[in-house]
Amino acid sequence: RSTELEKIKRKNALSEASKKANEAPFDVCERAIKLLRLFKDSLSKINPNAITDWTVGAQQAYSALEGAAMNVKINCKTILDKRYETEACQRLRLFLGEGRSLIGEILNQVHSRLDESN
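Residues numbered from 1 in each chain as written. Predicted model: local features only at pLDDT ≥ 70, side-chain atom pairs only at ≥ 80, totals over all residues. Heavy atoms only, no water.

*Asks:* Describe the overall build of the protein, listing the residues and the values that go with them.
*Replies:* A tally of helices and strands in the protein yields 4 helices and 0 strands. Ordered by position in the sequence, the α and β elements of the protein form the string α-α-α-α. In terms of overall dimensions, the protein is more spread out than a globule: its C-alpha atoms have a radius of gyration of 19 Å, far above the 13 Å expected for 118 residues. Expressed along its principal axes, the backbone C-alpha trace of the protein runs to roughly 70 × 20 × 20 Å. Within the protein, the fraction of its 118 residues that count as buried is 32%. Restricting the contact set of the protein to residue pairs at least 6 apart, pairs at least 24 apart contribute 81%. A total accessible area of about 7800 Å² is found for the protein, and carbon and sulfur atoms account for 54% of it. In the protein, 20 positive and 16 negative side-chain charges are present, and the distance between their average locations comes to 6 Å. (Helix = DSSP H or I, 4+ residues; strand = E, 2+ residues; numbered from the N terminus. Rg over C-alpha atoms; globule rule 2.2 N^0.38 Å. Buried < 20%, exposed > 50% of the residue type's maximum accessible area, 1.4 Å probe, protein only. Contact = heavy atoms within 4.5 Å. Areas by Shrake-Rupley, 256 points an atom, 1.4 Å probe, with all protein chains shown as cover. Lys, Arg positive; Asp, Glu negative; His and termini not counted. Charge placed at Lys NZ, Arg CZ, Asp CG, Glu CD.)

*Asks:* Hey, could you go over the pattern of salt bridges for me, with residue numbers and the actual values?
*Replies:* Counted according to the given criterion, the structure contains 10 salt bridges. Note that Arg 100 and Glu 66 form a salt bridge whose closest N and O atoms lie 3.3 Å from each other. Placement of Arg 100 in helix 4 (residues 82-116) and of Glu 66 in helix 3 (residues 51-76) is noted, with a sequence separation of 34 residues between them. For Arg 100, a relative accessible area of 46% gives the class partly exposed. Judged by its relative accessible area of 16%, Glu 66 falls in the buried class. (Salt bridge = Lys/Arg side-chain N within 4 Å of Asp/Glu carboxyl O.)

*Asks:* Outline the confidence of the model for the protein, listing residues and values.
*Replies:* Averaged over all residues, the pLDDT of the protein is 94; the fraction at 70 or higher stands at 98%. By mean pLDDT, the top-scoring element of the protein is helix 2 (residues 23-42) (97), and the lowest-scoring one is helix 1 (residues 4-21) (92). (pLDDT = per-residue confidence, 0-100.)

*Asks:* Can you explain the packing of aromatic side chains? Please cite residues and give values.
*Replies:* Summed over the entire model, instances satisfying the criterion amount to 2 aromatic pairs. Here the aromatic rings of Phe 26 and Phe 95 are separated by 6.4 Å at their centres, their planes lie at 45°, and the arrangement is tilted. Of this pair, Phe 26 sits in helix 2 while Phe 95 sits in helix 4, and the two are 69 residues apart along the sequence. With relative accessibility at 14%, the residue Phe 95 sits in the buried group. Positioned above the aromatic ring of Phe 26 is the side chain of Arg 91, whose terminal nitrogen or guanidinium carbon lies 3.9 Å from the ring centre. (Phe/Tyr/Trp six-rings, centres within 6.5 Å; stacked < 30°, edge-to-face > 60°. Lys NZ or Arg CZ within 6 Å of the ring centre and 35° of its normal.)

Written as structure tokens, this is what we have:
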């Protein structure tokens, strides 16, 4: 890291490594969304006595989504490829938007069911 050329090479290598490092958290985002969809779709089939445990599972899936998204964001700080960064941010917005919507719907429906049972 003593010469300008070495600094440039290091930044480029770090940028490419960060792109590679984003593969796993993007995979987690995709899986978390699939899980949240399953949780939402299966709500009507849940035993009322198990609904709170089931809800915690949905919240864990959402938490995995948020954590993975944060990993992508921090990795993007070292990526020099602006096109990649723009596309990554767009993917994250879609994942987070859908995830927030799903967990919101799930929680609202669960609270409604719990309120009805009192």
